[in-house]
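Results of the structural survey
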Amino acid sequence: MRGSDRANRPEIRSCNASNSATTRSRTTQPVSSTCQASAVAVLVGEIRQLDRRIAKATSDIEAAVAESGTSLTELCGIGTLNAGKILARVGSIHRFRSAAAFASYTGTAPIEASSGDIVRHRLSRAGDRQLNCALHTMAITQIGRDTPGRAHYQRKRAAGKSHREALRCLKTRLSDVVDRQLLHDSATELAAGPGGHSGAALSSCAAG
């Protein structure tokens, strides 16, 4: 049998193709694994850098909230980060003419959506969504604990309101609580003068 005939036989061509594929696999596999390991190392480095930045930002916020002398953190459901968020986004509480104006700004003011004899209120998409989120966290925390906020929520549920409706009512109530707390802090700061903060904060976990 001639050499050209042997090379053209199907079984020989198949064997040659298999050997070629195996060689390519052995060549590319280490390269691919190296690239993947390098990519993972880069991602791990970025995650660690983000962790350090988050830790630094958290520390800075905690220091700023402590320096402000706010009593927001004494309210059930408001931690240091949410207190910092509220202080930063509200600014001066005196720019709001009333608790209703503040509720409108936080997106918790009820919007009537009644039909006939059925009185309903729908979710407001207006207002500052970051403040709304902080009040939502506060409401969920209070519902999960033995607080006046939970009692208010349960009264609304007993009156026939759905979970979402009762939650919206509680958020409106808590918006008023935060408004009063900020006004209290402002009055305390004015009474203390430039020397610092004095006075007692409103009771913890208040809901009205």
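Residues numbered from 1 in each chain as written. Predicted model: local features only at pLDDT ≥ 70, side-chain atom pairs only at ≥ 80, totals over all residues. Heavy atoms only, no water.

**Observations concerning helix 7 (residues 163-192)**
Here helix 7 contains 30 residues, and its C-alpha end-to-end distance of 43 Å stays within 8% of the 44 Å for a straight helix at 1.5 Å per residue. Trailing helix 7 by a residue or two, glycine 193 shows a phi angle of about 80°, which is positive. (Helix = DSSP H or I, 4+ residues; strand = E, 2+ residues; numbered from the N terminus. Expected span 1.5 Å × (residues − 1).)

**Re the packing of aromatic side chains**
Taken as a whole, this structure holds 2 aromatic pairs when the rule is applied. Consider the rings of phenylalanine 96 and phenylalanine 102, whose centres lie 5.3 Å apart with planes at 80°: the pair is edge-to-face. Note on phenylalanine 102: relative accessible area 1%, which makes it buried. These aromatic residues form a ring-pair network of at least three members: Phe96, Phe102 and Tyr105. Of note, arginine 95 hangs over the ring of tyrosine 105, and the distance from its end group to the ring centre comes to 4.9 Å. (Phe/Tyr/Trp six-rings, centres within 6.5 Å; stacked < 30°, edge-to-face > 60°. Buried < 20%, exposed > 50% of the residue type's maximum accessible area, 1.4 Å probe, protein only. Lys NZ or Arg CZ within 6 Å of the ring centre and 35° of its normal.)

**Description of the pattern of salt bridges**
Using the criterion set out here, one finds 2 salt bridges in the structure. With a shortest N-O distance of 2.9 Å, aspartate 60 and lysine 56 are connected by a salt bridge. You can see aspartate 60 and its partner lysine 56 sitting in helix 2 (residues 10-68), 4 residues apart, about one turn around the helix. With its nearest N and O atoms 2.8 Å apart, the salt bridge here joins aspartate 128 to arginine 89. With aspartate 128 in the loop between strand 2 (121-122) and helix 5 (129-143) and arginine 89 in helix 3 (residues 80-90), this residue pair connects regions lying 39 residues apart in the sequence. (Salt bridge = Lys/Arg side-chain N within 4 Å of Asp/Glu carboxyl O.)

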